[in-house]
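Inside the fold
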Amino acid sequence: MEFLVTGSAGFIGAALTQHLLNRGDTVIGIDNHNAYYDPKLKNARLSCFINHKNYTHIRLDLADREGIKLLFDNYKPKRVVNLAAQAGVRYSIENPAAYIDSNIVGFANILEGCRHHEVEHLVYASSSSVYGANSALPFSTKQNVDHPISLYAATKKSNELMAHSYSHLYGLPTTGLRFFTVYGPWGRPDMALFKFAEAIYADEPIRLFNYGKHVRDFTYIDDVIASIVLVLDRPAEKNDNWSPMDPDPRSSSSPYRLYNVGNNKPITLLNYLDALEKAMGKVAKKIWVSGQLGDVAETHADISDLENEFNYAPKTDIEVGVKRFVEWYLNYIKSYALS
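About the thresholds
Residues numbered from 1 in each chain as written. Predicted model: local features only at pLDDT ≥ 70, side-chain atom pairs only at ≥ 80, totals over all residues. Heavy atoms only, no water. Pairing = 2+ DSSP bridges. Helix = DSSP H or I, 4+ residues; strand = E, 2+ residues; numbered from the N terminus. Axes fitted to C-alpha atoms, helices over the stretch in contact; angles between N-to-C directions. Contact = heavy atoms within 4.5 Å. 1 Å grid on protein atoms, 1.4 Å probe; cavity = no way out; pocket = protein on both sides within 12 Å on 5 of 7 lines; lining within 4 Å. Points joined across faces, edges and corners; volume = space filled by probe spheres on them. Nonpolar A, V, L, I, M, F, W, Y, C, P; charged D, E, K, R; others polar. Expected span 1.5 Å × (residues − 1). Buried < 20%, exposed > 50% of the residue type's maximum accessible area, 1.4 Å probe, protein only. Parallel < 35°, antiparallel > 145°, perpendicular 65-115°, else oblique. Left-handed = near helix turned anticlockwise from the far one by under 90°. Core = buried A, V, L, I, M, F, W, Y, C linked by side-chain atoms within 4.5 Å. Phe/Tyr/Trp six-rings, centres within 6.5 Å; stacked < 30°, edge-to-face > 60°.

Strand order in the open sheet formed by seven strands is β3-β2-β1-β4-β5-β6-β11, and the pairing between neighbours is parallel. Each edge of the open sheet is held by one strand with a lone partner, namely β3 (55-59) and β11 (256-261). The sheet shows a mean angle of 15 degrees between the axes of neighbouring strands, taken without regard to direction. Packing of helix α3 (residues 65-75) onto the sheet brings it into contact with β1 (2-6), β2 (26-31), β3 and β4 (79-82), and relative to β2 it is tilted by some 170 degrees.

Written out as C-alpha cells, the structure is:
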C-alpha cells in the first residue's frame, strides 16, 4: 500500500512512517521543517528512515495549495494520514495566524487532494483539546465539543467539521483521532516531559503550573501508533443506524468516524514528574506557579469505542514509558543535540 503521511518529520508522523516502512508499505512523507522547535530534532528523526528504499521525502507546507495539488497529481496516494499541524495550546494565543494557515487552510488543501484523487481513507489528527470547557469525565466522543478554550482546539474541532462535510458531499471516508497527551522517545521539546528532562539534566528549576495538580491521560507513542494503524487499515463506513433526530457526533450517515486515543489511566503532573525523577535518578528543583490561560485542568479518555470495535488496548504503563524516554533522551543529547 502507498501512503501519504504529512508531518513525517514530526513526533507522531516519524514514528508512524517508520512503522509503515517496517511492515513493507511505501510512504510519501511531507514536512515543512518550520522553526517552532529546533529543526535538528526533525532531521534526527528523519535520519532513521530517509534513505529507506520505500520512502520519499518532500519539504512542503500544507498551506501551499499548488504544491499540495501537484503532490497528489504526481504520487496519487491510496491512503492519507494528516499529522502535520501547528501544535501547542499556548503558542496559539501568541501566534494565531500560524494555526489558521496550517490547521485550517492546510487541512482544506489535503481534503481537496483526497477528493480529486479518490483516496480510500483519510485519517487525521484531532486532539483532546477539543473538549475545552467540558468537565464530565471521562471525555467521550458522544459529548458536545462546542466550547474550545484555545484557538488550537478550535482549529482541531474545525478539522472534524470540515472532514464531515467532505465525507457527506464526496463520500470520502474520514477518521479523526483525538490524541491525549502523547509522550515517548523522539517527543516534542515543547512538551512537559522533554522540558522537565532538560531542566533536571541541567540542574535547573521546573515551573509547575497549577501547582502540579493538572491531571493528564498520558499516552505512550507506541500505543498511539497502534491505534492509527488499526483505523487506517479499516476505512470509515456509514452508520446505517444514525438518526438526524438524535444525532451521534461520533459517526454519521456518511463515512465519517471519531475516536479518542488515550491511556485511560490519568495521573497528576506531579506523578508524571515523579516517574521522571526516578528514571533520571535525580530530584527536580521545583517552582510552584498558578495555571496558564488555555490550560484544561483534567483530561481522561473514554476509549471504549476503540476497545469494542478494534480490540485496542494501550499496553505501556507510565513508569515504563517514561524510562524509555529517558534512555532515548540521554542518548539523543550525546549523539545529536550536542553535535
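Here the narrative resumes, following the displayed structure.
What follows covers the layout of surface pockets. When its volume is computed, the second largest pocket comes out at roughly 260 Å³. For the second largest pocket, the lining is made up of 18 residues, of which Lys 157, Leu 161, Pro 249, Tyr 256 and Leu 258 are closest to its centre. Where the lining of the second largest pocket is concerned, the elements lending two or more residues are α6 (151-170) and β11. No other element matches the four residues that α6 contributes to the lining of the second largest pocket. Taken together, the residues of the lining of the second largest pocket sort by class into seven nonpolar, six polar and five charged.

The end-to-end C-alpha distance of helix α5 (residues 96-116), which contains 21 residues, comes to 30 Å, matching closely the 30 Å that a straight helix rising 1.5 Å per residue would cover. Within α5, the full set of buried residues consists of Tyr 99, Ser 102, Asn 103, Gly 106, Phe 107, Asn 109, Ile 110, Leu 111, Gly 113 and Cys 114. Just downstream of α5, Glu 118 is the residue with a positive phi angle, here 50 degrees.

Here we come to empty space enclosed by the protein. Under the definition given, this model contains one cavity of 30 Å³ or more. Estimates place the volume of the largest cavity at around 40 Å³. If you trace the largest cavity, you find it lined by Tyr 183, Phe 218, Asn 263, Lys 265, Thr 316, Asp 317 and Ile 318. Taken together, the residues of the lining of the largest cavity break down into three nonpolar, two polar and two charged.

This part covers the environment of Thr 181. For Thr 181, the location among the structural elements is in the loop between β6 (174-179) and β7 (182-183). Considering only alpha carbons, one finds Thr 181 and Ser 128, 53 residues apart in sequence, at a separation of 7.8 Å. With near-sequence residues (within four places) excluded, Thr 181 lies in contact with Met 191, Arg 216, Asp 217, Phe 218 and Thr 219.

Moving on: unusual backbone geometry. Of note, the amide linkage connecting Leu 137 to Pro 138 takes the cis form, showing an omega dihedral of -5 degrees. Take Pro 138: it is sitting in the loop between β5 (121-127) and α6. In this structure, Glu 118 takes a positive phi of about 50 degrees despite not being glycine. As for its placement among the helices and strands, Glu 118 is situated in the loop between α5 and β5.

Turning our eyes to something else, we now look at the packing of α3 against α5. Between α3 and α5, the least distance of the axes is 9 Å, while the angle of their chain directions is 30 degrees. Looking at the two axes, α3 sits roughly parallel to α5. Judged by the twist between their axes, the crossing of α3 over α5 is right-handed. Contact residues: Arg 65, Ile 68 and Phe 72 in α3; Asn 109, Ile 110, Gly 113 and Cys 114 in α5.

The next thing to look at is the packing of helix α1 (residues 11-22) against helix α8 (residues 221-232). Remark: α1 packs on α8, axes separated minimally by 10 Å, with the N-to-C direction vectors making an angle of 60 degrees. Regarding α1 and α8, the two cross each other, and that crossing is right-handed. On α8, the residues that touch Phe 11, Ile 12, Ala 15, Leu 16, His 19 and Leu 20 of α1 are Ile 221, Val 224, Ile 225, Ile 228, Val 229 and Leu 232. A breakdown of the residues in the contact of α1 with α8 according to their chemical character gives 11 nonpolar, one polar and no charged.

In terms of nonpolar packing, the biggest core is built from 69 residues, with Ile 12, Leu 16, Phe 179, Ile 228, Tyr 272, Leu 276 and Val 322 touching the most fellow members. Take this core: its biggest share by element is eight residues, from helix α11 (residues 318-337). Core analysis: the next-biggest nonpolar cluster, separate from the first, contains 23 residues, Ile 30, Ala 84, Leu 111 and Tyr 166 among them.

In this section: the environment of Ala 108. Along the chain, Ala 108 falls in helix α5. Separated by 54 residues in the primary sequence, Ala 108 and Met 162 place their C-alpha atoms 7.6 Å from one another.

This part takes up the packing of aromatic side chains. Two aromatic rings, taken as a pair, are described by how far apart their centres are and by the angle between their planes. Within this structure, the stated rule accounts for 21 aromatic pairs. Ring geometry for Phe 49 against Tyr 55: centres 5.0 Å apart, planes inclined by 80 degrees, an arrangement best described as edge-to-face. Like Tyr 55, Phe 49 is buried. Ring geometry for Phe 194 against Phe 325: centres 6.1 Å apart, planes inclined by 65 degrees, an arrangement best described as edge-to-face. Remark: Phe 325 occurs in helix α11 and Phe 194 occurs in helix α7 (residues 192-201); sequence separation between them is 131 residues. Through pairs of rings, three or more aromatic residues link up here, namely Trp 186, Phe 194, Tyr 201, Phe 325, Trp 328, Tyr 329 and Tyr 332.

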